[in-house]
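What the coordinates show
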Amino acid sequence: MLFFKTRKLLLCVSLFLILLTTFCFAKAKLDWEIDIESVFKKSEGSVSNEYTPIIIGSKIILASEQGLIKSIDIKTKKISYIARVPISIHKAIAYPPNNVIFYGQHKRTNKSYYCAVNISKKKFNGFLEQKGPLWKFDDWAFFEKDDTFYVFDPKKGKNVYAQKANTGMQFPIRTQDDRNVFFNDDYQLVELGLPKTGTGLLMASYDRGKIVKMQKSLILFEEVADLALDIIPDTLNKSTLYYHKKNGTIGRTNIKKGSLVWEKNYFKKDMQLIGPHVYKNQLFYIVSYRKGRDDLANLGKVIALNRKTGLATWLSPDLYFKNFAPVQFRKYIISGDLDNNILLLDMKTGAVKQTIQIEGIPSIPVVNSKSLYILTTHKLYKFDSTNKLPILF
């Protein structure tokens, strides 16, 4: 009797595990799609192939090359006019909960501008003429010009603070421990220090419609590490730095101890590298082919590495490379194929778990909670995760 009860129990457990395995591999199910022509008329311009959608609250923000900014309600698909700015919009930076900075060239003068817009109030906050990059750190935007470090406030649409400092900032470093770190011209990692009492309160108290210049510096610059001249930093987690070199090397080093953990050669000169995306014990990179071959233009591969050893765990076949970065959706890395399909690659094996047919060339996918948004030259798609377990009992 005990034998039959045990056998029945094992059968039930086996059945449950099969169902659990089947349904826990969350895939993407199309929720809705919208034609871009229904968002922007021909006279309002098309969406730049460099533009990546911005999500503010329950709305997804699209912008055209004629400077039109509109929102789409995620639930109802209602399209709303937000504002119009005098630039051809190519990129955007989100400053939740309400503000977005749009970047592009002025339609008449062709000069580069950053325009701040309040999405909820449908209000143009202000603009900044700036040819160089604008970096996001916390709730602020920063840039350097003429040996001065400026702070741009997206809420007010203007510079609110300036500090003499020739930091030579090249680009910010992605961090896993929420620090504001950038790489400078002296091959240093520098951490940007904001006052603990709250930079916003200090800046607001001194803002009288003019750029604030104080004798006491509000922003501190702390050197984190000196790097070798051939190292290009990618991402930092405490003292662990992942980097690459122009000669095709990818490596990991401990900047506190100054010790090399591993270094491997995975690409060659003239190849483009994007990443890594760090997840648990894996690193995910996208590597392009070398320049000069038209038949391999915009093609590349996804490489998954073991974070501790640097050894490759899998390598994808040739995939569409343009406008892409290693983006994670649930347990998958998103990529594209030569037929403009979106692929969901298993993070452990690289196997294609789902192929999604889309129309048009995609931009970088956007993941928000359990939803996936893909903007193409023709449509905007919203996919939801299908990982709900059935009611068994």
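Described below are features of the structure shown in this document.

So, how was this worked out
- Residues numbered from 1 in each chain as written.
- Predicted model: local features only at pLDDT ≥ 70, side-chain atom pairs only at ≥ 80, totals over all residues.
- Heavy atoms only, no water.
- Helix = DSSP H or I, 4+ residues; strand = E, 2+ residues; numbered from the N terminus.
- Polar contact = N/O pair within 3.5 Å; in protein donor to acceptor, adjacent residues only side chain to side chain.
- Contact = heavy atoms within 4.5 Å.
- 1 Å grid on protein atoms, 1.4 Å probe; cavity = no way out; pocket = protein on both sides within 12 Å on 5 of 7 lines; lining within 4 Å.
- Points joined across faces, edges and corners; volume = space filled by probe spheres on them.
- Nonpolar A, V, L, I, M, F, W, Y, C, P; charged D, E, K, R; others polar.
- Patch = residues over 30% accessible without salt bridge, like charges linked within 9 Å, V, L, I, M, F, W, Y side chains within 5 Å.
- Areas by Shrake-Rupley, 256 points an atom, 1.4 Å probe, with all protein chains shown as cover.
- Salt bridge = Lys/Arg side-chain N within 4 Å of Asp/Glu carboxyl O.
- Lys, Arg positive; Asp, Glu negative; His and termini not counted.
- Charge placed at Lys NZ, Arg CZ, Asp CG, Glu CD.
- Buried < 20%, exposed > 50% of the residue type's maximum accessible area, 1.4 Å probe, protein only.
- Pairing = 2+ DSSP bridges.
- Core = buried A, V, L, I, M, F, W, Y, C linked by side-chain atoms within 4.5 Å.
- Axes fitted to C-alpha atoms, helices over the stretch in contact; angles between N-to-C directions.

The topology assignment puts Asn125 in strand 9 (residues 123-129). Engagement of the side chain of Asn125 in a polar contact is seen with the side chain of Asn99, the distance being 3.0 Å. Polar contacts involving the side chain of Asn125 include one to the main-chain carbonyl oxygen of Pro154, which spans 3.0 Å. Apart from residues lying up to four places away in sequence, Asn125 is in contact with Asn99, Ala116, Val117, Asn118, Pro154, Lys155, Lys156 and Gly157.

In total, this model carries two cavities of 30 Å³ or more according to the counting rule given. In this structure, the largest cavity occupies an estimated 80 Å³ of space. What lines the largest cavity is a set of 12 residues, among which Val47, Ser48, Leu375, Thr376 and Thr377 lie closest to the centre. Partitioning the lining of the largest cavity into residue classes produces six nonpolar, six polar and no charged.

Together, Asp185, Asp186, Glu223 and Asp226 make up a region of like negative charge exposed at the surface. Tracing the backbone shows Asp226 in strand 17 (residues 220-226).

Take the environment of Val100 next. Looking at the secondary structure, you find Val100 in strand 7 (residues 99-106). With a relative accessible area of 0%, Val100 lands in the buried category. When the C-alpha atoms of Val100 and Pro154 are compared, they prove to be 7.2 Å apart, with 54 residues separating the residues in sequence. If we skip the residues at most four places from it in the chain, Val100 touches Ile54, Ile56, Ala92, Ile93, Ala94, Cys115, Ala116, Val117 and Ile119.

Time to look at the pairing of strand 12 (residues 148-153). When you tally the buried positions in strand 12, you get six out of six residues, the bulk of the element. Covered by surrounding structure in strand 12 are Thr148, Tyr150 and Phe152 together with Phe149, Val151 and Asp153, the residues of both alternating faces. Here strand 11 (residues 140-145) pairs with strand 12 via five bridges, running antiparallel. By the bridge assignment, Lys145 is partnered in strand 12 with Thr148.

One finds Tyr51, Leu62, Ile69 and Phe102 to be the most contacted residues of the largest nonpolar core, which totals 35 residues. Residues within four places of Ile69 in sequence aside, it is in contact with Ile61, Leu62, Ala63, Ser80, Tyr81, Ile82, Ala83, Val85, Ile89, Phe102 and Val117. Listed in part, the 24 residues of the second largest apolar core include Ile286, Val327, Ile334 and Leu345.

Moving on: the sheet that holds strand 9. Hydrogen bonds along the backbone pair up the strands of a sheet, which may run parallel or antiparallel. If you walk across this open sheet you meet the four strands as 6-7-8-9, and the pairing is antiparallel. Of all the strands in the sheet, the pair left with one neighbour each is strand 6 (87-95) and strand 9. Pairwise comparison of adjacent strand axes, ignoring direction, gives a mean angle of 25° for this sheet. Direction of pairing for strand 8 (residues 112-118) relative to strand 9: antiparallel, over a ladder of six bridges. Its bridge partner lying in strand 9, Cys115 is registered against Phe127.

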